[in-house]
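Read off the chains here:
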Amino acid sequence: RSRHNLFIMAAAFDAQDHSHRRFNPLMDEWVLVAPHRTKRPWNGAVEPPFDFASIPQHDPTNPLSPGAARSSGKVNDVYTSTFVFDNDFPSLAPDMPAPTEADQPAHPMLKYDSARGICKVMCFHPHTNVTLPLMTEPEIVTVIDEWSKQVSEIGKTMKWVQLFENKGQAMGCSNPHPHCQIWASSHLPNVAYKKDKTQREYMLKHGKPMLLEYVELEMKAKTRIVVENEHWIAVVPFWALWPYETILLPKRHVTRLTELTEDERASLANAMKRLLSKYDNLFKTSFPYSMGWHGAPTGECLDEDNSHWQLHAIYYPPLLRSASVKKFMVGYEMHAESQRDLTAEKAAATLRDLPELHYTLDAAAGSAAGPK
């Protein structure tokens, strides 16, 4: 009997060590978690970290710099804060012809739909060698204010306004100048459509916004919290896919960026600076990621009940083991089911324990102090 009991104890499920699946209610899909895989040796691709230290403060040849000429021949304003311009090579345009019934393929399986929209580029700062964690909190507030302004203006006519920042070469960003993009569309993109559906269904079933209840769960658990202040919480979500993925959420019910108060915007700037500094401090590098804001649909949906929505930002960073080893979404993940190695709890603890002072500022302070 004692041997049998020992076997049962040894075989007891441990979420931090045994393979299991976690459900993502926001996307209505499962994620396979295999924590033991972090122990395997790595002999795959190693990419040299981007040499951010070599970037000059002002590069007149950089098409995003103040006063620089872009490939289209247009010249940027000599801006001193944020700067927004129409994308010279947009994927969506407001005057794109729409397919008619006569244009549709003969078989109902094959369908066309219209794709109209607006694409803009937004620069965060006039200096090329600056990133959000290296900006001051008031400068970040200016970025947030401009985000809100763009959502308000573009959202008058467009159903979805997607703000996203691709940072670093590992996420396909070829220009180091601090910037994001704004793609707005007359339709709900796939991810937005799915999130609208899952949050609406949750609200109907439980009488409370899904992500607002999730904030309360995480504040009680505390195991996945990375950064928290009076108005915001950043956690590695229970269902995280990317190694150090985080979701940034307001603590009160907010459906869009435009609803944030002045205090909440200042608090958001604080949370962003702290979170992104921790990211950079993890591997002592300018941490790559893809970030996107998701809020209630706009345009024709502005007058509809969108109380099921909760505003949130998602950060998807690819780095796993070091500044030069990233996660690849291939094989099983492309053909069967999303999979991660590191548990959300371990990733959160790692990030949470990191200092909030950016490593470059810490080094600069040490150099200024001189030898002891």
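Below or above, wherever it landed, is the structure these notes cover. One numbering rule holds for all chains: residues counted from 1, following each sequence as written. Reporting in this predicted model follows two pLDDT cut-offs: at least 70 for local features of residues, and 80 or more for side-chain atom pairs to be given and counted; totals over whole chains, interfaces and linings ignore these cut-offs and use all residues. Values reported for side chains reflect all heavy atoms of the structure, with hydrogen atoms and water molecules removed beforehand.

### Some remarks on the overall build of the protein
Convention followed: Counting from the N terminus, the helices are DSSP H or I runs at least four residues long and the strands are E runs at least two residues long. The reference for a compact globule is 2.2 Å times residues^0.38; the radius of gyration itself is calculated from the C-alpha atoms. Note on exposure labels: buried denotes an accessible area under 20% of the residue type's maximum, exposed denotes more than 50%, and partly exposed covers the range between, all computed with a 1.4 Å probe on protein chains only. For every accessible area listed, the method is Shrake-Rupley and the probe measures 1.4 Å; residues are considered covered only by the protein chains on display. By the counting scheme adopted, Arg and Lys are positive, Glu and Asp are negative, and His together with the chain ends is not counted. By convention, the charge on Lys lies at NZ, on Arg at CZ, on Asp at CG and on Glu at CD.
Per the secondary structure count, the protein includes 8 helices and 14 strands. Here the C-alpha radius of gyration of the protein, 22 Å, is about what a compact globule of 372 residues would show, namely 21 Å. Overall, the C-alpha framework of the protein stretches about 80 × 70 × 45 Å when taken along its three principal axes. Within the protein, buried positions represent 48% of all 372 residues. On the protein, roughly 18,800 Å² of surface is accessible, and the fraction owed to carbon and sulfur atoms is 56%. For the protein, the centre of its 40 positive side-chain charges and the centre of its 44 negative side-chain charges are spaced 8 Å apart.

### Some thoughts on the sheet that holds strand β8 (residues 232-235)
Keep this limit in mind: Should DSSP find at least two bridges between two strands, the strands are taken to pair. For helices, the axis comes from a line fit to the C-alpha atoms of the stretch in contact; other axes are also lines fit to C-alpha atoms, and the angle between any two N-to-C directions lies between 0 and 180 degrees. We call two residues in contact whenever any of their non-hydrogen atoms come within 4.5 Å of each other.
If you trace the 9 strands from one edge of the open sheet to the other, you get β3-β4-β6-β5-β10-β11-β9-β8-β7, paired in antiparallel fashion. Each edge of the open sheet carries a strand with a single partner, namely β3 (83-86) and β7 (225-228). When strand polarity is set aside, the average angle formed by the axes of neighbouring strands in this sheet is 20 degrees. The pairing of strand β10 (residues 289-294) with strand β11 (residues 312-316) spans 5 bridges and is antiparallel. Counted as the bridge partner of Met291 is Tyr315 from β11. The strands touched by helix α2 (residues 137-154) are β3, β4 (117-123), β5 (160-167), β6 (179-185) and β10; relative to β4, the strand with the most contacts, the crossing angle is about 165 degrees.

### Quick notes on unusual backbone geometry
You will see that Asp28, though not glycine, has its phi angle at about 55 degrees, which is positive. Note that Asp28 resides in the loop between β1 (20-24) and β2 (29-33). A positive phi angle, near 55 degrees, is found at Lys284, a position not held by glycine. Looking at where Lys284 falls in the secondary structure, it is placed in the loop between α5 (262-283) and β10. When its relative accessible area of 53% is taken as the criterion, Lys284 is described as exposed.

### Here we look at the nonpolar core
Stated formally: Only buried residues count toward a nonpolar core. Its members are Ala, Val, Leu, Ile, Met, Phe, Trp, Tyr and Cys residues joined through side-chain atoms within 4.5 Å.
If you look at the biggest cluster of nonpolar residues, it comprises 52 residues, and the most contacted ones within it are Leu132, Trp147, Leu248, Met272, Tyr279, Trp293 and Tyr315. The dominant element in this core, judged by the number of residues it contributes, is α5, at 9 residues. Among residues more than four places away in sequence, those in contact with Met272 are Leu132, Ile140, Ile144, Trp147, Leu248 and Tyr315. Listed in part, the 12 residues of the second largest apolar core include Leu26, Leu211, Tyr214 and Ile247.

### Observations regarding α2
Here is the rule we go by: The length a helix should cover is 1.5 Å for every residue beyond the first.
End to end, α2 covers 26 Å across 18 residues, agreeing with the expected 26 Å (1.5 Å per residue, within 8%). Looking only at α2, the buried set comprises Ile140, Val141, Val143, Ile144, Glu146, Trp147, Ser148, Gln150, Val151 and Ile154.

### Concerning the packing of aromatic side chains
The line we're drawing: Two rings from Phe, Tyr or Trp (for Trp, the six-membered ring) form a pair when their centres sit within 6.5 Å of each other. Planes less than 30 degrees apart are called stacked, planes more than 60 degrees apart edge-to-face, and all others tilted. Consider the ring centre and the ring normal. A charge sits over the ring if Lys NZ or Arg CZ is within 6 Å of that centre and within 35 degrees of that normal.
Applying the stated criterion to the full structure yields 15 aromatic pairs. Note on Phe83 and Phe85: the rings are 5.5 Å apart at their centroids and 35 degrees apart in plane angle, and the pair reads as tilted. Each member of the pair Phe83 and Phe85 is classed as buried. With a centroid separation of 6.1 Å and an interplanar angle of 65 degrees, the aromatic rings of Trp147 and Trp293 are classed as edge-to-face. Here Trp147 is found in helix α2, whereas its partner Trp293 is found in strand β10, with 146 residues between them in sequence. Each of the two residues, Trp147 as well as Trp293, counts as buried. Members of the aromatic cluster, joined through ring pairs, are Tyr244, Tyr279, Phe283, Phe287, Tyr289 and Tyr315. It is Arg70 that lies over the ring of Phe85; its NZ or CZ is 3.9 Å from the centre.

### Remarks on α5
When the terminal C-alpha atoms of α5 are compared, their 33 Å separation across 22 residues agrees well with the 32 Å that a helix rising 1.5 Å per residue should span. With 18 of 22 residues buried, α5 lies mostly within the body of the structure. Immediately beyond the C-terminal end of α5, within one or two residues, lies Lys284, with a positive phi of roughly 55 degrees.

### As for empty space enclosed by the protein
Here is the rule: Here a cavity is any set of points on a 1 Å grid over the protein atoms alone where a 1.4 Å probe fits but cannot get out, and a pocket is any open set with protein on both sides within 12 Å along at least 5 of 7 lines; a residue lines the site when it has an atom within 4 Å of a point. Grid points are joined across faces, edges and corners, and a volume is the space filled by probe spheres set on the points. Nonpolar residues are Ala, Val, Leu, Ile, Met, Phe, Trp, Tyr, Cys and Pro. Charged residues are Asp, Glu, Lys and Arg, and all others, Gly as well, are polar.
Within this structure, the stated rule accounts for 1 cavity of 30 Å³ or more. Lining the largest cavity are Val151, Trp160, Val161, Leu163, Arg256, Leu257, Trp293, His294, Gly295, Ala296, Thr298 and Leu311. Of all the secondary-structure elements, those providing two or more residues to the lining of the largest cavity are β5 and β10. With 3 residues, β5 is the largest single contributor of residues to the lining of the largest cavity. Tallied by class, residues from the lining of the largest cavity come to 8 nonpolar, 3 polar and 1 charged.

### Side note on the layout of surface pockets
Its boundaries defined by the atoms lining it, the largest pocket holds a volume of some 630 Å³. Around the largest pocket sit 30 residues that line it, and Gln162, Val191, Lys195, His294 and Tyr316 are the ones nearest its centre. Every element with two or more residues in the lining of the largest pocket is listed here: β2, β5, β6, α3 (190-206), β10 and β11.

### Re the pairing of β8
Taking every second residue as pointing to the same face, both faces of β8 are buried, with Trp232 and Ala234 on one and Ile233 and Val235 on the other. Where β7 meets β8, 3 bridges bridge the pair, whose relative direction is antiparallel. For Ile225, the partnering residue across the bridge sits in β8 and is Val235. As paired strands, β8 and strand β9 (residues 246-250) are joined by 4 bridges and run antiparallel to one another.

Function cannot be read off these values alone, since they describe shape.
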